[in-house]
Amino acid sequence: MPIEWNEAEQVFHLYNSDISYLVQIVHGKYPAHLYWGKRVKVLQPSLILTFKGRAFSPTVVPADPKFSLDTLPQEYPAFGNGDFREPAYQLRTSNGTTTTEFVYDSYEILKGKRSLKGLPSSYLEDDAEADTLIITMVDSLLGIGLNLYYTIYRDLDVITRSVSFEHLGSHAVEIHKCMSMSVDFHESNWDWLHLQGAWARERHIERQPLHRGIQLISSARGASSHHHNPFIALLSRGGNEDYGDVYGVSLMYSGNFQASIEVDSFETTRLSIGINPFDFIWLLKPGETFQTPESLMVYSSEGLGGMSRTFHKLLRTRVCRGVYRDKTRPILINNWEATYFNFTEKKLKEIADAGKNLGIELFALDDGWFGHRDNDKSSLGDWTVHKKKLPNGLAGLADYVEKKGMKFGLWVEPEMVSPDSDLYRKNPDWCLHVPKRDRTLSRNQLVLDLSREDVCVFLTETLTRVFSSAPISYVKWDMNRNMTEVGSAALPPERQKETAHRYMLGLYRILEKLTERFPQILFESCSGGGGRFDPGMLYYMPQTWTSDDTDAVERLKIQYGTSMIYPAITMGAHVSDVPNHQVGRVTPLQMRCHVAMAANLGFELNVDKLSNVDQAVVTEQINFYHQIKEIVLFGDQYRLLSPFEGMDTALMYVAPNQEQAVVFYYKTLATPNPPFFRLKLHGLNPKLKYKISNGELAYFGDELMEIGLSVPLIKKDYTSHIYLIEKWR
């Protein structure tokens with residue numbers, strides 16, 4: 001079994017062929033963290049922990065003065081009875097105090113994995129794929145049970161963790177903090193890595209050494225945010241893409257989060273991730289249960305690349321769902337940067353016609369098709385067709401597109417409402433707001449209160465009507481502002497700090513119903529680009545618009561950083577016009593295509609205005625993309641050169657059978673009189689012979705990996721090459 005219980009040593013051992021995770025119940029009460037890493041055989045687990053009395057570290061076991069919770073590496077630590085580090089949870093009891101004492105009560109080992117009620121979670125297709133351990137702790141004074149859930153996958157180096165609080169007592173308590181996981185490492189000689197940014201420059205990689213004290217990233221914006229992704233990693237000093245131990249954790253949640261690392265005075269490291277405790281309180285009444293989101297935990301002994309490939313496989317096959325999970329996505333043309341709000345049905349048909357002639361497979365109608373929306377100042381919430389623009393309705397345009405042999409897609413932003421809308425005039429209390437306070441606008445809109453069931457029902461039924469009104473194959477679901485005045489007219493005062501989390505639960509309910517009703521629709525998540533790119537959204541929508549910034553050079557960093565955890569098949573990438581609308585840069589059309597072809601290829605420009613030369617380039621690139629898309633979207637990714645470290649970027653994708661690979665190489669700024677350069681490849685079969693881009697020569701895989709691929713001297717800025725590598729004969 002992948003989970004064993006050593007009763008004599010009071011140790012749980014979760015393992016598969018590659019990894020081990022060890023938990024010991026110390027003094028019959030306290031779950032302690034022993035180990036997480038490469039698979040080990042354990043004969044004497046009791047020797048892993050050693051204790052020494054420390055001044056000012058109190059003991060909770062008088063018979064063992066060397067023992068203190070202040071120095072114990074714990075699985076789910078509390079504050080108030082001797083551990084002075086950051087707690088994983090905190091409750092406020094009916095007498096106003098926050099000291100609790102949850103101690104070990106029992107355990108259960110299950111075949112398979114349970115889904116989380118109301119929350120997205122990774123899943124199984126067969127119970128044989130994973131096993132689950134539930135450790136139950138109890139505070140007998142409060143009458144509350146605390147369940148620690150651990151699932152270990154058999155064929156993935158992944159452990160998932162979450163926590164539930166089950167109130168069986170008689171007095172309500174407040175949950176002020178509830179991390180989804182916490183791990184105490186026995187050392188602190190690590191670097192830490194996270195993905196930071198802002199709108200139009202999301203998920204840039206930042207790495208730095210740990211220091212004593214607390215290092216923390218978070219979002220309090222009501223979304224996982226452009227600014228910090230809900231992912232954090234510890235890695236060995238000197239570790240890189242290919243070497244070193246890496247521990248990556250991600251939160252399967254789309255709202256406010258916190259990920260923190262604390263290094264204490266004794267060089268131990270506490271890593272945790274969960275709902276952001278800032279402005280969060282959950283009232284837990286007798287008979288109720290509170291469930292935290294799921295954390296995804298990956299260990300790699302093969303550097304960041306090994307961690308990423310594990311996350312990629314997990315997210316692609318056991319988080320993303322639906323008919324498009326294992327399908328390549330249609331190449332689309334989106335009209336937004338071509339027309340913005342200023343379009344007619346005739347103009348849209350011209351774009352669709354031109355797209356079809358180039359080999360594009362789907363036409364996506366963006367913002368401006370509803371209400372009287374001629375700019376961003378009105379009509380969100382009024383999901384009826386703008387008849388002046390579309391006299392034949394959505395169905396008329398969609399039928400035209402379908403008859404051209406293309407699919408039809410639609411943009412919506414249903415979580416928002418414009419003050420200038422019939423919906424807001426009729427239901428002014430349906431938005432997030434605080435009584436008697438001004439309602440802050442962003443992009444001239446307010447946020448609908450999805451903590452309210454009536455709002456959720458309205459949106460579900462309204463969108464069901466819209467999605468049923470035409471043959472819609474694709475929906476871009478946008479969310480273009482973050483939360484302010486986070487209050488709900490439907491909640492009592494003592495539950496106001498539940499609003500942001502209840503909003504997420506409401507959104508997840510809506511998405512669950514809509515994806516069940518419309519399984520044929522490919523949903524793409526968007527939040528001003530990548531402001532809500534997280535595993536929670538991928539559970540419902542298998543791809544995300546990676547960024548509103550479509551500049552090829554900027555996209556190198558954005559897509560490279562995003563690939564740290566997210567696979568190419570989850571990224572939407574478009575070829576847009578130049579000068580670029582975000583940064584004004586002019587890059588060659590071929591490079592723009594090559595950057596977008598490293599993900600889900602799409603277009604967002606006036607294709608009907610392309611020159612004959614550019615039309616030929618687009619057609620050629622689309623035809624080539626059809627040759628490589630299976631490798632890109634379903635292959636193993638290897639990052640070869642980082643755009644954060646120089647002017648060159650390179651990455652490659654290798655087919656699962658290692659018989660094909662595709663290599664992307666980009667040069668942003670040329671250098672005078674450059675040296676000759678060989679690019680060392682990864683992931684190939686060293687014994688197989690390969691040809692490169694239909695060449696006449698054969699190379700062994702080990703030649704290409706150890707000696708490298710010769711890159712031509714480049715004398716132009718913004719140059720790119722794609723190499724298709726295939727098994728020789």
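Residues numbered from 1 in each chain as written. Predicted model: local features only at pLDDT ≥ 70, side-chain atom pairs only at ≥ 80, totals over all residues. Heavy atoms only, no water.

1. A few points about the sheet that holds strand E1 (residues 3–6)
Read across the open sheet, the four strands follow the order E1-E2-E3-E4; overall the sheet is antiparallel. Sheet topology places E1 and strand E4 (30–38) at the edges, where each strand pairs with a single neighbour. Strand after strand, the sheet turns through a mean of 15 degrees between neighbouring axes, direction not considered. (Pairing = 2+ DSSP bridges. Helix = DSSP H or I, 4+ residues; strand = E, 2+ residues; numbered from the N terminus. Axes fitted to C-alpha atoms, helices over the stretch in contact; angles between N-to-C directions.)

2. So, helix H10 (residues 589–596)
Along H10, seven of the eight residues are buried, which leaves the element largely enclosed by surrounding structure. All of the buried residues along H10 are Leu 589, Met 591, Arg 592, Cys 593, His 594, Val 595 and Ala 596. On its buried face, H10 sits against helix H9 (552–562), strand E29 (571–576), strand E30 (600–604), helix H11 (612–634), strand E33 (660–667) and strand E38 (719–727). (Buried < 20%, exposed > 50% of the residue type's maximum accessible area, 1.4 Å probe, protein only. Contact = heavy atoms within 4.5 Å.)

3. What to know about the side chain of Glu 174
Looking at the element boundaries, Glu 174 is found in strand E10 (residues 173–185). A polar contact of 2.9 Å, which involves the side chain of Glu 174, links it to the side chain of His 176. Beyond its immediate stretch of four places on either side in the chain, Glu 174 contacts Gln 90, Leu 91, Arg 92, Ile 281, Trp 282 and Leu 283. (Polar contact = N/O pair within 3.5 Å; in protein donor to acceptor, adjacent residues only side chain to side chain.)

4. A word on the sheet that holds strand E36 (residues 699–700)
Read from one edge of the open sheet, six strands run E31-E32-E33-E38-E35-E36, paired in antiparallel fashion. A single partner strand is all that each edge strand has here, and the edge strands are strand E31 (636–641) and E36. In the sheet, strand E35 (residues 689–692) pairs with E38 via three bridges, with the strands oriented antiparallel. Its bridge partner lying in E38, Ile 692 is registered against Ile 725.

5. A few points about the pattern of salt bridges
On inspection of all chains with the given rule, the structure shows 44 salt bridges. For Arg 154, the salt bridge is made with Asp 131, and the minimal N-O distance between the two is 3.0 Å. Within this pair, whereas Arg 154 is found in the loop between strand E8 (144–153) and strand E9 (158–167), its partner Asp 131 is found in strand E7 (residues 130–139), the two being separated by 23 residues in sequence. When its relative accessible area of 3% is taken as the criterion, Asp 131 is described as buried. (Salt bridge = Lys/Arg side-chain N within 4 Å of Asp/Glu carboxyl O.)

6. Considering the domain arrangement of the chain
Many analyses report the size of an interface as the accessible area lost when the parts associate. Partitioning the chain into structural domains gives domain 1 (3–319), domain 2 (332–417 + 450–477 + 516–635) and domain 3 (641–727). One C-alpha centre belongs to domain 1, the other to domain 2, and the line joining them spans 38 Å. Every contact between the two is made by 35 residues of domain 1 and, on the other side, 32 residues of domain 2. Counting the surface lost from both domain 1 and domain 2, the interface buries some 2600 Å², and carbon and sulfur atoms represent 60% of this. Contact with domain 2 buries area across many residues of domain 1, yet Arg 203, Leu 315 and Arg 316 alone supply 23% of it, more than any other trio. Counting across the interface, domain 1 meets domain 2 through zero salt bridges. If you look at where domain 1 meets domain 2, you find 19 residue pairs in polar contact (both at pLDDT 80 or more). (Domains from an automatic or database assignment. Buried area = accessible area lost by both parts, 1.4 Å probe.)

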